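Per-entry structural report
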Amino acid sequence: MINQTVELVDVVDTPADAADLAHPPLLVRSTTTAVLDAAGLGTGPLRATRIGDGHSNVTFLVEREDWRGVLRRPPRPPYQPKAHDMLREARIQQALASTAVAVPRILHVEQDLGVLGVPFYVMEWHEGVFVAKTLPAVLSAPERRREAGLAFVDQLIQLHLVDHAAAGLDGLGRGEAFAARQLHVFGKLWQSHRTRDLPQLEAAEEWLRRHVPADAGRPTLLHGDFRLANVMFAPDEPVRVRALLDWELSTVGDPIADLGYLLSTYPERPQERGALLSEAAAAATGGFPSRRDLVERYAATTGADLSSLSWWVTLAFWRTAVGLESFYKRAVDGTTDDPFIHALEAGVPELAERAVRAMEGEAL
């Protein structure tokens, strides 16, 4: 049963205004302005506008008289102690700044909890477009759409080619036994955040546990949420990726995990709809590469062993269902007014069904 959600206020002027609310705001202008002043980021009054379609961490466009940037922070509490780690996100992007991976430049990292009650960071602003429910004008021609799809998978290839140890990210995660650890972590998450019985999700978990693949090749840096919704393209030609966003789930592990997740979120037929597929529905427009095209380009460039790909696609659907059930618990608890999260009442069971279909052989 979903509780009645109280009115949630995103932005207030002062800490005193925040103290009067039933739930904390996401941004306090006075304290945030002081941080930007100290970091030399603009002058004058602060304007803050919530942007993006993310449903986990929160992103604001922050503007002043002569400057604009992007502020990223966790959602309202409560959440798991190690979740939504802004300091970790910022560190990863800073380490990738000198690589071929397109990441925004981090301008400031704030650890003082007295500012917003949580750590946050500020990064540079980019003009860009996304392949979401509608198609951006720059991709109106079919040949441009194919270029965009290939540029998309090429970013994943470039990420997996990064020497994460040389980049200073060697301690980001343990690469060995990655598949088994994913099952352990998300299995515990399901037990702590489940709001209902979902037999198909249980069936997928049982199958995954019976078919855990061995470690494949060298561990690589993973994005963890690599999908079109997190890739910003330049708004004009030539087609190119301007920024790869949302590094919350990044770690070190089996690279096929990222590829499997990509496939679980990438629609190639107009009738394909779902909790995540619908967020990139425009990719089903003619001209985009097929899922098989993306896999073949990845394999040809990396030489990776893809024999376990079906297992990783199944894991992606199952893991996403488990993770989004923890989001849906916010709707049950009445701490969010996000329509996407409320729609997970049907969205999580749909993902569980897709996990079962993937384990039965529908990887591509």
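This is a predicted model, so every value here is computed, not measured.

**Thoughts on the overall build of the protein chain**
In terms of helices and strands, the protein chain carries twelve helices and eleven strands. In terms of overall dimensions, the protein chain is globule-like: its C-alpha atoms have a radius of gyration of 20 Å, near the 21 Å expected for 364 residues. Its C-alpha atoms put the protein chain at 55 × 50 × 40 Å along the principal axes. Within the protein chain, the proportion of its 364 residues that are buried is 53%. Sequence separation of at least 24 residues holds for 70% of the intrachain contacts in the protein chain that already meet a minimum separation of 6. Put simply, the protein chain shows about 15800 Å² of open surface, and 51% of that area lies on carbon and sulfur atoms. Taking the average place of the 37 positive charges on the side chains of the protein chain and the average place of its 49 negative ones, the gap between the two points comes to 2 Å.

**Structural notes on the nonpolar core**
Membership of the largest hydrophobic core comes to 77 residues, with the highest contact counts inside it found for Leu96, Phe152, Phe233, Leu262 and Trp318. With 14 residues, helix 10 (residues 309–333) is the largest single contributor of residues to this core. Discounting residues that sit within four places of it in the chain, Trp318 has contacts with Gln182, Leu183, Phe186, Gly187, Leu201, Ala204, Glu205, Leu208 and Ala355. Core analysis: the next-biggest nonpolar cluster, separate from the first, contains 20 residues, Val12, Ala18, Val115 and Val118 among them.

**Looking at unusual backbone geometry**
Of note, the amide linkage connecting Glu237 to Pro238 takes the cis form, showing an omega dihedral of 0°. By secondary structure assignment, the location of Pro238 is in the loop between strand 9 (231–233) and strand 10 (241–244). Look at Ala177: it is not a glycine, yet its phi comes out positive at around 55°. Note on placement: Ala177 falls in the loop between helix 5 (142–161) and helix 6 (178–193).

**Concerning the packing of helix 5 against helix 8 (residues 256–265)**
Viewed as axis vectors pointing N to C, helix 5 and helix 8 meet at an angle of 165°, and their least axial separation amounts to 11 Å. If you check the angle between helix 5 and helix 8, you find them roughly antiparallel. The interaxial crossing formed by helix 5 with helix 8 has right-handed handedness. Taking contact as the criterion, the partners of Phe152, Val153, Leu156, Leu159 and His160 in helix 5 are, on helix 8, Asp258, Leu259 and Leu262. Tallied by class, residues from the contact of helix 5 with helix 8 come to six nonpolar, one polar and one charged.

Procedures and definitions
- Residues numbered from 1 in each chain as written.
- Predicted model: local features only at pLDDT ≥ 70, side-chain atom pairs only at ≥ 80, totals over all residues.
- Heavy atoms only, no water.
- Helix = DSSP H or I, 4+ residues; strand = E, 2+ residues; numbered from the N terminus.
- Rg over C-alpha atoms; globule rule 2.2 N^0.38 Å.
- Buried < 20%, exposed > 50% of the residue type's maximum accessible area, 1.4 Å probe, protein only.
- Contact = heavy atoms within 4.5 Å.
- Areas by Shrake-Rupley, 256 points an atom, 1.4 Å probe, with all protein chains shown as cover.
- Lys, Arg positive; Asp, Glu negative; His and termini not counted.
- Charge placed at Lys NZ, Arg CZ, Asp CG, Glu CD.
- Core = buried A, V, L, I, M, F, W, Y, C linked by side-chain atoms within 4.5 Å.
- Axes fitted to C-alpha atoms, helices over the stretch in contact; angles between N-to-C directions.
- Parallel < 35°, antiparallel > 145°, perpendicular 65-115°, else oblique.
- Left-handed = near helix turned anticlockwise from the far one by under 90°.
- Nonpolar A, V, L, I, M, F, W, Y, C, P; charged D, E, K, R; others polar.

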